[in-house]
Amino acid sequence: MILALVVVTALGFDFTNGFHDTANAMATSIATRALRPKVAVLLSGVLNLAGAFLSVEVALTVTNAVVRIQDSSGTPKPELLAGGGGALLLIVLAGLVGGIVWNLLTWLLGLPSSSSHALFGGLIGATVAGLGWAGVNWNGDGSKLDGVVGKVVLPAIMSPVIAGVVAAAGTWLIYRVTVGVARRFTDNGFRWGQIGSASLVSLAHGTNDAQKTMGVITLALIAAGDWTDTGSVPFWVKAACALAIALGTYLGGWRIIRTLGKGLVEIAPPQGLAAESASAAVILASSHLGFALSTTHVATGSILGAGVGRPGAQVRWRVAGRMVAAWLITLPAAAVVGAVMWWIAHLLGDGLPGALAVFVILVAAAAGMYVRSRRAPVNHDNVNDEWEDARPAGRVPAGAAS
Amino acid sequence: MHNLGFALEGAWKVLAAGLLLGAGLPLLFALGIRSLAYGAGGDAEVHGSRPRPAGTVLGWMLFAVVLAGVLLGLTFIVASGFGKALSFEHVYPSIVDK
């Protein structure tokens, strides 16, 4: 029963992961009208689905980067398995709830925060609450890039800068090269380049992010004794995760798409191409080199870079500042939620009542934020409306909507 | 802080690869568009002139290079999904076991 709650919650997280990150790939194509909004999210959703099925390699050890609840082979720590694995399931459940709540809150505010940070933050918080500070893998063992510092904090600082530099260089070069070519001619050409590069980002996202949830669900199944193979993921888990992330992507986090596509800079097709190419190259190069980073940070850095690289373009640094602030607090905030959830479940006796209570809190919080979002909806009709600086940017992003 | 060292080591490689592929391929793409416009002549350029077929040919050749780069990226995604890796040992990319 607790296992079922964990699986449902994990799929819920995967779903929020999908709509939270649609913007990373498609915000530029939507803002430049290279693709109609509905077509863009459909394309991105399909590519995420394909990407999730492409990831055959097991990501069972995903939690090892930040917490110590598994061995390096992926087997849960034996001391957490007493009594049907309840201790481990509770940590995972509380961590997932922390991740989802933070993802929904940042979505409500239209802020592109990292879903991986939210998940890791939630897990760290729940682990600290459940196992104490030593349960967290803060700094690795010194042999490679590892731990909270190595896998989360340092990449988060470096990746937006790298992506920004690449995108700025690309944008500057493109504008230099196409001087003297008629605007109508360039825009049509760059439209195709943009669609291609954005598709690559979507596919890479599907392979990377859906895997994390697959790993978490499989870990829970092993803890509960329903699965023993640490070398593979059950097919239904893979299919369910792929569908959840694809559906989330298709739903489209319009609030975040709007912030990234319209809020930061006014993007022209050549900038869109430069930004998405930079994102795709940085994401692929870093996963090739084993340098873990967040798609969100890369995409945001790229779009900022594309704004800086175009002579005379306006970058709204206030919006960028809000985003950076959101990044900084994502991990600790999700950790606090994760920890509080664990304590609530713990006070109710570590068993089914506690897990149910946490789940009910999650549903209530999600419903509350959804209702709040209806007051100022952002959807495919108004996602490209003019950005008005006078309003508190992002908080009421649909201010211009009819 | 051993992690900082590892991270900086990874970061400059990512930056180099990113600049090469993430800014280099768009540059070729832009050159391709420039060549096509040069080839088409007329109102494709701000200062219109007569069509020059050589520009069209060069343009499509540049697009072919860009396409090859994109296919390399796709191969990488698919290969790593199946537990393989792309190796650049022999200069040209080949798929090997991880």
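Residues numbered from 1 in each chain as written. Chains lettered and ligands numbered in written order. Predicted model: local features only at pLDDT ≥ 70, side-chain atom pairs only at ≥ 80, totals over all residues. Heavy atoms only, no water.

### Details of the overall build of chain B
Assigned secondary structure in chain B consists of two helices and two strands. The linear arrangement of helices and strands in chain B, starting from the amino end, is α-α-β-β. Considering only residue pairs separated by 6 or more positions, chain B has 27% of its internal contacts joining residues 24 or more positions apart. Of the roughly 5500 Å² that chain B leaves accessible, carbon and sulfur atoms contribute 74%. (Helix = DSSP H or I, 4+ residues; strand = E, 2+ residues; numbered from the N terminus. Contact = heavy atoms within 4.5 Å. Areas by Shrake-Rupley, 256 points an atom, 1.4 Å probe, with all protein chains shown as cover.)

### A closer look at the overall build of chain A
Counting its secondary structure elements, chain A contains twelve helices and zero strands. Of the regular secondary structure in chain A, the N- to C-terminal order runs α-α-α-α-α-α-α-α-α-α-α-α. For 402 residues, the compact-globule estimate of 2.2 N^0.38 gives 21 Å, and chain A sits close to it at 21 Å. Overall, the C-alpha framework of chain A stretches about 70 × 45 × 35 Å when taken along its three principal axes. For chain A, the proportion of contacts with a sequence separation of at least 24, taken over those separated by at least 6, is 80%. (Rg over C-alpha atoms; globule rule 2.2 N^0.38 Å.)

### Focus: the confidence of the model for chain A
Per-residue confidence for chain A averages 83 on the pLDDT scale, and 92% of its residues sit at or above 70. This stretch, residues 390–402 of chain A, has a pLDDT under 50; its non-local contacts, to residues over four places away or in other chains, come to 23 contacts. (pLDDT = per-residue confidence, 0-100.)

### Remarks on the layout of surface pockets
Volume-wise, the second largest pocket comes out at about 1000 Å³. Residue lining of the second largest pocket: 42 residues in total, with Leu-200 of chain A together with Leu-25, Val-66, Gly-69 and Val-70 of chain B positioned closest to the centre. Elements supplying a minimum of two residues to the lining of the second largest pocket: helix 6 (183–223) and helix 9 (269–288) of chain A together with helix 1 (2–40) and helix 2 (53–81) of chain B. Per-element tally for the lining of the second largest pocket: the top contributor is helix 2 of chain B, with eleven residues. For the lining of the second largest pocket, a count of residues per class yields 31 nonpolar, eleven polar and no charged. (1 Å grid on protein atoms, 1.4 Å probe; cavity = no way out; pocket = protein on both sides within 12 Å on 5 of 7 lines; lining within 4 Å. Points joined across faces, edges and corners; volume = space filled by probe spheres on them. Nonpolar A, V, L, I, M, F, W, Y, C, P; charged D, E, K, R; others polar.)

### With respect to the interface of chain A and chain B
A common way to express how large an interface is: the accessible area buried when the components associate. Each side of the interface is counted separately: chain A has 52 residues, and chain B has 44 residues. The junction of chain A with chain B conceals about 3800 Å² of combined surface from both sides, 79% of it contributed by carbon and sulfur atoms. The largest contributions to the chain A side of the interface with chain B come from Val-177, Phe-185 and His-288 of chain A, which together make up 14% of the buried area. Put simply, chain A and chain B have zero salt bridges between them. In this assembly, chain A and chain B are joined by two residue pairs in polar contact (both at pLDDT 80 or more). Mapped onto the side of chain A that touches chain B, the elements with two or more residues apiece are helix 5 (147–177), helix 6 and helix 9 of chain A. Of the residues forming the side of chain A that touches chain B, the biggest block, 13 residues, is contributed by helix 5 of chain A. (Buried area = accessible area lost by both parts, 1.4 Å probe. Salt bridge = Lys/Arg side-chain N within 4 Å of Asp/Glu carboxyl O. Polar contact = N/O pair within 3.5 Å; in protein donor to acceptor, adjacent residues only side chain to side chain.)

### Points about the environment of Arg-33 of chain A
All names here are of chain A. By secondary structure assignment, the location of Arg-33 is in the loop between helix 1 (2–31) and helix 2 (37–54). When its relative accessible area of 57% is taken as the criterion, Arg-33 is described as exposed. Taking the C-alpha atoms as reference points, Arg-33 and Leu-119, 86 residues apart in sequence, are found 32 Å from one another. (Buried < 20%, exposed > 50% of the residue type's maximum accessible area, 1.4 Å probe, protein only.)

### Describing the side chain of His-20 of chain A
Along the polypeptide, His-20 of chain A turns up in helix 1. Sequence-distant contacts of His-20 of chain A, defined by excluding residues within four places in its chain, comprise Asn-103, Thr-106, Trp-107, Leu-111, Pro-112, Ser-113, Ser-115 and Ile-256 of chain A.

### Quick look at helix 7 (residues 235–251) of chain A
Residue and element names in this part refer to chain A. Over its 17 residues, helix 7 extends 24 Å from the first C-alpha to the last, a length consistent with the 24 Å expected when each residue adds 1.5 Å. Every buried residue of helix 7 is accounted for by Val-237, Lys-238, Ala-239, Cys-241, Ala-242, Ala-244, Ile-245, Ala-246, Gly-248 and Thr-249. Where helix 7 is buried, its residues meet helix 1, helix 2 and helix 6. (Expected span 1.5 Å × (residues − 1).)

### Quick notes on the packing of helix 3 (residues 86–108) of chain A against helix 6 of chain A
All names here are of chain A. Between helix 3 and helix 6, whose axes approach to 9 Å, the crossing angle comes to 155°. Viewed along their axes, helix 3 and helix 6 adopt a mutual orientation that is roughly antiparallel. You can see that helix 3 and helix 6 cross each other, and the crossing is left-handed. Two secondary-structure elements touch here, helix 3 through Leu-88, Leu-89, Val-92 and Leu-96 and helix 6 through Val-216, Leu-219, Ala-220 and Ala-223. Looking at the contact of helix 3 with helix 6, its residues break down into eight nonpolar, no polar and no charged. (Axes fitted to C-alpha atoms, helices over the stretch in contact; angles between N-to-C directions. Parallel < 35°, antiparallel > 145°, perpendicular 65-115°, else oblique. Left-handed = near helix turned anticlockwise from the far one by under 90°.)

### Brief notes about the confidence of the model for chain B
Residues with a pLDDT of 70 or more make up 84% of chain B, whose mean pLDDT is 79. Mean pLDDT values over the elements of chain B span from 71, in strand 1 (residues 84–87) of chain B, up to 84, in helix 1 of chain B.

### Re helix 11 (residues 317–347) of chain A
Here helix 11 of chain A is 31 residues long and its end C-alpha atoms lie 44 Å apart, about the 45 Å a rise of 1.5 Å per residue gives. A positive backbone phi angle near 100° is found at Gly-349 of chain A, which sits one or two residues after helix 11 of chain A.

### Description of the packing of aromatic side chains
Evaluation of the coordinates by the stated rule reveals six aromatic pairs over all chains. Here the aromatic rings of Phe-29 of chain B and Phe-63 of chain B are separated by 5.1 Å at their centres, their planes lie at 55°, and the arrangement is tilted. Note that Phe-29 of chain B is positioned in helix 1 and Phe-63 of chain B in helix 2, a separation of 34 residues in sequence. Like Phe-63 of chain B, Phe-29 of chain B is buried. With centroids separated by 5.3 Å and ring planes inclined at 65°, the aromatic side chains of Trp-60 of chain B and Phe-63 of chain B adopt a geometry described as edge-to-face. Taken as a pair, Trp-60 of chain B and Phe-63 of chain B lie in helix 2 at a separation of three residues, close to a single helical turn. Residue classification places Trp-60 of chain B among the exposed positions, given a relative accessible area of 55%. We classify Phe-63 of chain B as buried; its relative accessible area is 15%. An aromatic cluster is built from Phe-190 of chain A together with Phe-29, Trp-60 and Phe-63 of chain B, whose rings are joined through pairwise contacts. Above the ring of Trp-192 of chain A, the side-chain terminus of Arg-191 of chain A is found at 5.5 Å from the ring centroid. (Phe/Tyr/Trp six-rings, centres within 6.5 Å; stacked < 30°, edge-to-face > 60°. Lys NZ or Arg CZ within 6 Å of the ring centre and 35° of its normal.)

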